[in-house]
Amino acid sequence: MDFEKDLTVTRVLFVAPECAPLTKTGGLGDVAGALPPALREIGVDARVLLPAYGALPGRELATLDLLGKKVRLLESNLPSGVPLYLLDCPDLYRRNGGPYQTAQGEDWPDNALRFGVLSRAAALLGGAASPLDWRPDVVHCNDWPTALAPVYLEREPDAAASLMTVHNLAFQGLFEPSVLRALGLPQSDYSVEKLEFYGRLSFLKGGLVCADALTTVSPTYAGEIQSEALGCGLDGVLRERHADLSGIANGIDTTVWDPAGDALIARNYDAAAIDAKRINKRALQERLGLAADEEVPLLGMVGRLTHQKGIDLVLAAADALVALPAQLAVLGKGDRDHEHALAALAARYPGTVAVANGFNEELAHLIEAGADVFLMPSRFEPCGLNQMYSQRYGTPPVAHATGGLIDTISDGETGFLFDRPESGALLGAVRRALALRRDPGRWRAMQRAGMTRDFSWAEPARRYADLYLRLATRQTA
Ligand code: ADP
């Protein structure tokens, strides 16, 4: 599509701190990798802005002075073909470790500046002072590392509209108020109406207050974050902006997560030939040292090992789950305590419980394909991706009825939801799943229903495109 000459096309700068396959720590990375190409397919000129965490090749477009840092703006493309702008500043971004944390799991001490620069760059490219010919109609910000962009944009001449998407309200980017000066913001911005959050400076609050529109990653979560229970202290701000807040459930990359073409699993299969799935179960058992038993149900789980993800509910229910009987395969990394408790559990049940620590894309695919049932007992879940992957892989999810899990799982049709985030409720739902599994006809029907459900980005991309258009026309009106 030749976007350059078509003035009716909406131009969107998609700003993110991570983007698959270049950098990914969670769902936001998947979204940044998959939504922009889906948008381009329907005629939105979406381009991505990202820090250069590695030495990535690119053509230099400009040298910028951002918050006292010299930053090279590079132009490149994502593997999907989406145009990519990279901020090259080795001093800030090129480090051994993750995008937010050291290899030891500590936040980088200069995160305020690192993501202040990212936000500042986004605002610059969204305003009249941009060094680029290409000017976006909308700057689409994602989570706290980009949330100061709408704050900066307020002071840019002839600025683009801004959209702030919350992928997880629990991560807010809170810093000592003394960072204000380094961020190049006036003292007056540090007020309860704007950046101040209980004595600290909040990136996310700035974005929620200043952006023209707000979205979050599922309709149910959009409602939940306006309540005290799940509002993480920002529910008041969100209630005030409820007219500008909507929920759009994420899609998944159906080319990467496709049991019929997945090169990372032992045997491909589809809804018409689910039987071959058992070869993946066998491969998974072998890979993790679980007993080679075709009959015993294999429960799988992949994700961050944190309180949010409800891993402690699995730990509390583990003895009862094993006694069902069932095997358990967990892949994840996260809190030390949970990692240790899982290791102890695996040691107690050799051949029945297996735990793999770390981030392992390939094993994640094999668990989705090889498990019989997928566990997702999250206490809260903005959208969640794994439950969609698992449905697509014919592995019905057992999940807590919260956030995006409610919006993407049909209880009794494609999976099982339980009401309270308690180990007993989780166990009850697993029992329900295993009871259905004993009826092969109905189990197959559930697997098929999940495998054939449309989880692609086509529909969510259309909804984002509508929103961009509304914002773009409001801007020029
Ligand atoms: P969140 O973004 O809250 O961590 P999501 O379910 O939205 O949770 O997305 C998590 C993504 O990260 C999924 O693609 C999941 O497969 C992947 N993931 C999480 N932990 C691991 C891990 N240890 N190894 C491989 N992939 C993982």
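Remember, it's a predicted structure, so these values are computed and weren't measured experimentally.

### Things to note about helix α16 (residues 440-451)
Compared with the 16 Å implied by 1.5 Å per residue over twelve residues, the 16 Å span of α16 between its first and last C-alpha is a close match. On the buried face of α16, the contacting elements are α9 (277-288), β16 (373-376), α13 (386-392), β18 (416-418) and α15 (423-437).

### Comments concerning the sheet that holds strand β8 (residues 174-175)
With antiparallel pairing, the three strands of this open sheet are ordered in space as β8-β10-β9. What marks the edges here is a single partner per strand, and that holds for β8 and β9 (196-197). Where β9 and strand β10 (residues 200-202) come together, two bridges link them in antiparallel fashion. In the sheet register, phenylalanine 197 faces β10, and the bridge partner there is arginine 200. Packing of helix α6 (residues 203-210) onto the sheet brings it into contact with β8, β9 and β10, and relative to β10 it is tilted by some 50°.

### Describing the domain arrangement of the protein chain
Each assigned domain of the protein chain is listed here: domain 1 (3-251 + 458-476) and domain 2 (274-451). Taking the mean C-alpha position of each, domain 1 and domain 2 sit 33 Å from one another. Listed as interface residues are 18 residues of domain 1 and, on the opposing side, 17 residues of domain 2. Of the roughly 1,300 Å² buried where domain 1 meets domain 2, counting both sides, 59% is carbon and sulfur surface. In this structure, the connection of domain 1 to domain 2 is made through one salt bridge. Linking glutamate 361 and lysine 24 is a salt bridge whose minimum nitrogen-to-oxygen distance equals 3.6 Å. The interface formed by domain 1 and domain 2 contains seven residue pairs in polar contact (both at pLDDT 80 or more). Within the residue set of the side of domain 1 that touches domain 2, elements represented by two or more residues are α1 (27-41) and α7 (219-224). Take the side of domain 1 that touches domain 2: its biggest share by element is four residues, from α7.

### Section: the environment of glutamate 60
By the element assignment, glutamate 60 lies in strand β3 (residues 59-66). Separated by 16 residues in sequence, glutamate 60 and serine 76 have C-alpha atoms that sit 9.2 Å apart. A polar side-chain atom of glutamate 60 sits 3.1 Å from a polar atom in the side chain of threonine 63. Within polar-contact distance, the side chain of glutamate 60 engages the side chain of arginine 72 at 2.7 Å.

Rules behind the numbers
- Residues numbered from 1 in each chain as written.
- Predicted model: local features only at pLDDT ≥ 70, side-chain atom pairs only at ≥ 80, totals over all residues.
- Heavy atoms only, no water.
- Helix = DSSP H or I, 4+ residues; strand = E, 2+ residues; numbered from the N terminus.
- Expected span 1.5 Å × (residues − 1).
- Contact = heavy atoms within 4.5 Å.
- Pairing = 2+ DSSP bridges.
- Axes fitted to C-alpha atoms, helices over the stretch in contact; angles between N-to-C directions.
- Domains from an automatic or database assignment.
- Buried area = accessible area lost by both parts, 1.4 Å probe.
- Salt bridge = Lys/Arg side-chain N within 4 Å of Asp/Glu carboxyl O.
- Polar contact = N/O pair within 3.5 Å; in protein donor to acceptor, adjacent residues only side chain to side chain.

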